[in-house]
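Observations on the three-dimensional arrangement
If you want the building blocks of each chain, they are given just below.
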Amino acid sequence: MNVHVLTEFNKRVAGKAIVPGSDTYEKLRNVFNQVGSPAAIVRAQTHQDIMESLLFAREQHLPLSVRSGGHGLSGQATNTGGLVLDLAAFNQVELLDRERRLVRLGAGARWGEAAKALAAYGLAISSGDTNQVGVGGLTLGGGVGWMVRTYGLTIDSLHAAELITADGHILRVSAQEHPDLFWAIRGGGGNFGVVTSFDFSAHPCKAVIGGSVNYDAAEAASVLTGWATVMSEAPEELNSTVVLFSGFGPQVPPRVSVLFCYAGDDETAAHVAIEPLLHLGLVQTQDIQKKPYDAMLEDAISPPPSLKTVGHNGFLKKLSQEAIAVLANNYGKPGKPIAQIRSLGGAMARVSPQATAFAHRESEALIIVPAFGPANATEEQANQIRQAAWGPLNPLTQGAFINFLSDASEASVSAAYPGETYTRLANVKAAYDPGNLFSMNQNIKPKAKA
């Protein structure tokens, strides 16, 4: 890019545009699952910086990536030859109203630091699994966290948001203000503007009881069968995920891990609820602890430099015996992919599928297969690996959760949503971003005018 053009742009923003050649650029150019070479990275300090960046991207016809945490598997938080708008400075965690438990989180905050700050007030929001994930990206995709059965998705606690549109308008969106946009940002991703902050109704949470129990990999089918039965009858305070882990050589053998989080500090009730999960087979190890909710979140483990995640995910209406057999036969064994099976239902299922852009409310489970390919794999190669890993589950599942999509192809994104939901999202996109400035995401193209 023309040096003079960038110099002039730098005069317009308080947050300096970082260009190739500096140490800071090298630290910021890449994201969790993607190597990037953007023309410039703007660490916005103010709303004006964001508006100037949007204008600059339009003027120069640059691909625009908006980054909150940069943890998205599809790697859209960076690009080659474009502009990256980094929201790291928008990381506030504020208690707005103690009585109503209303809190404001900046889009650039990380969930680990947000959860710790909320814990000081005895509050929590269901928020994914890892510390480094950005508040913005996770929330816009829906947010399936460790209290999904207890309090629903992250978006189910969302009260309002502040958003800057493609043409530079600052809007407050809620059920009363721009309700179509409020509907769309709850599961439709970053398609509609730059969200700078979110107002949530947080939940009382002094502590949780969480942990894991490991079983022999050979018992996968019986453990899954027992787990599905337990979770179908469990209180909504109990949240759980099964991991069919393939192992890494003789030192790290395969296993079936049952992870759980009881969202409450009543230890007696928690142990009654958790107890059946400890008798699903021959226990190898177990660990149960009372802990603050933020301690449930783990540090993200990046793939080694030679690999990238190219996996897929989908929803199961019912964790049937057929689905269990497919999982036990094709995942969690040496040479086979890893699979995570997350129990849903509870509070998440009580929200109408039409109420938000996240429509898969009636699913019993979310299955995630984090397959791996070479870091330099072409999209065609990545897709072949993805399809091979996901193939056995494809006939049984529906839709996908965009937070865990590793590709951003038009076919993949459209398949993630039911048809009516996708059409409605395309209409909202046409109203607020007709030029598709916000295309570096799980992109929903604006519906063309008749």
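One structure accompanies this document, and this report is about it.

A few words now on the environment of Q76. Checked against the element boundaries, Q76 lands in the loop between β3 (64-67) and β4 (83-86). Along the sequence, Q76 and D407 sit 331 residues apart, while their C-alpha atoms lie 9.1 Å from each other. Apart from residues lying up to four places away in sequence, Q76 is in contact with S65, A408, S439, M440 and N441.

Time to look at the sheet that holds strand β19 (residues 365-369). The sheet built from seven strands is open, its strands ordered β15-β12-β14-β13-β18-β19-β17 with antiparallel pairing. A single partner strand is all that each edge strand has here, and the edge strands are β15 (283-291) and β17 (312-316). Here the strands of the sheet are splayed against their neighbours by 15° on average, with no regard to which way each runs.

Applying the stated criterion to the full structure yields four cavities of 30 Å³ or more. Forming the walls of the largest cavity are G141, G187, A357, F358, A359, H360, A400, F401, I402, A416 and Y417. Taken together, the residues of the lining of the largest cavity break down into eight nonpolar, three polar and no charged. The wall of the second largest cavity is formed by A217, A220, L244, R255, V256, A328, Y331, G332 and K333. The residue inventory of the lining of the second largest cavity, partitioned by class, reads six nonpolar, one polar and two charged.

Taking strand neighbours across the sheet as the criterion, the five strands line up as β5-β6-β10-β8-β9 in an open arrangement whose pairing is antiparallel. A single partner strand is all that each edge strand has here, and the edge strands are β5 (93-97) and β9 (170-174). Ignoring strand direction, the axes of neighbouring strands in this sheet form an average angle of 20°. In the sheet, strand β8 (residues 158-164) pairs with strand β10 (residues 194-201) via six bridges, with the strands oriented antiparallel.

The geometry of helix α1 (residues 3-10) relative to helix α3 (residues 47-60) is characterised by a closest axis approach of 11 Å and an angle of 160° between their N-to-C directions. Relative to α3, the element α1 lies roughly antiparallel. As for the relative orientation of α1 and α3, their crossing is right-handed in sense. Across the interface between the two elements, V5, L6 and F9 from α1 touch E52, S53, F56 and Q60 from α3. Split into classes, the residues belonging to the contact of α1 with α3 amount to four nonpolar, two polar and one charged.

Moving on, we get to the nonpolar core. Judged by nonpolar contacts, the single largest core of 74 residues is most densely connected at I50, L54, W111, L181, I185, F198 and Y293. One finds L278, L327, A328 and V369 within the second-largest nonpolar core, a separate group that totals 43 residues.

On any regular strand, side chains alternate: one points to one face of the sheet, the next to the other face. Pairing between strand β1 (residues 17-18) and strand β2 (residues 40-43): two bridges, direction antiparallel. Residue pairing in the sheet places A17 in a bridge with V42 of β2. Two elements, β2 and β4, share four bridges in a ladder whose sense is parallel. Counted as the bridge partner of A40 is L83 from β4.

Attention shifts here to helix α11 (residues 379-390). Compared with the 16 Å implied by 1.5 Å per residue over 12 residues, the 16 Å span of α11 between its first and last C-alpha is a close match. Along α11, the positions that sit buried rather than exposed are A382, R386, A389 and W390. The buried side chains of α11 occupy one side of the element, clustering within an arc of 85° when seen end-on. Turned more than 90 degrees off the buried face of α11, the exposed positions are E380, Q387 and A388.

Within helix α4 (residues 111-119) the residues assigned to the buried category are W111, G112, A114, A115 and L118. Seen end-on, α4 carries its buried residues on one side only, within an arc spanning 165°. Packed against the buried residues of α4 are β5, β6 (102-106), β7 (123-124), α5 (135-141) and β10.

We note that H61 has phi near 55°; this positive angle belongs to a residue other than glycine. For H61, the location among the structural elements is in the loop between α3 and β3. On the accessibility criterion, H61 (70% relative accessible area) is exposed.

Now for the packing of aromatic side chains. Applying the stated criterion across every chain, the model contains eight aromatic pairs. Taking the centre distance of 4.1 Å and the plane angle of 10° together, the rings of F9 and F56 count as stacked. Of this pair, F9 sits in helix α1 while F56 is found in helix α3, placing the two residues 47 residues apart along the sequence. Ring centres of F198 and F200 lie 6.0 Å apart, and the angle between their planes is 25°; on these two criteria the pair is classed as stacked. Above the face of the W146 ring, R342 is positioned so that its terminal group lies 5.9 Å from the ring centre. Between the NZ or CZ atom of R424 and the centre of the ring of W183, over which it lies, the distance is 3.8 Å.

Another aspect to go through is the pattern of salt bridges. Throughout the structure, instances matching the rule amount to 18 salt bridges. A salt bridge links E364 to K318; the shortest N-O distance between them is 3.4 Å. Taken together, the residues E364 in the loop between β18 (339-343) and β19 and K318 in the loop between β17 and α10 (321-330) connect sequence positions 46 residues apart. Under the relative-accessibility criterion, E364 is labelled partly exposed at 22%. Several salt bridges converge on common partners, so that one network encompasses R104, R172, E177 and D199.

About the criteria used
- Residues numbered from 1 in each chain as written.
- Predicted model: local features only at pLDDT ≥ 70, side-chain atom pairs only at ≥ 80, totals over all residues.
- Heavy atoms only, no water.
- Helix = DSSP H or I, 4+ residues; strand = E, 2+ residues; numbered from the N terminus.
- Contact = heavy atoms within 4.5 Å.
- Pairing = 2+ DSSP bridges.
- Axes fitted to C-alpha atoms, helices over the stretch in contact; angles between N-to-C directions.
- 1 Å grid on protein atoms, 1.4 Å probe; cavity = no way out; pocket = protein on both sides within 12 Å on 5 of 7 lines; lining within 4 Å.
- Points joined across faces, edges and corners; volume = space filled by probe spheres on them.
- Nonpolar A, V, L, I, M, F, W, Y, C, P; charged D, E, K, R; others polar.
- Parallel < 35°, antiparallel > 145°, perpendicular 65-115°, else oblique.
- Left-handed = near helix turned anticlockwise from the far one by under 90°.
- Core = buried A, V, L, I, M, F, W, Y, C linked by side-chain atoms within 4.5 Å.
- Buried < 20%, exposed > 50% of the residue type's maximum accessible area, 1.4 Å probe, protein only.
- Expected span 1.5 Å × (residues − 1).
- Arc of directions from axis to C-beta.
- Phe/Tyr/Trp six-rings, centres within 6.5 Å; stacked < 30°, edge-to-face > 60°.
- Lys NZ or Arg CZ within 6 Å of the ring centre and 35° of its normal.
- Salt bridge = Lys/Arg side-chain N within 4 Å of Asp/Glu carboxyl O.

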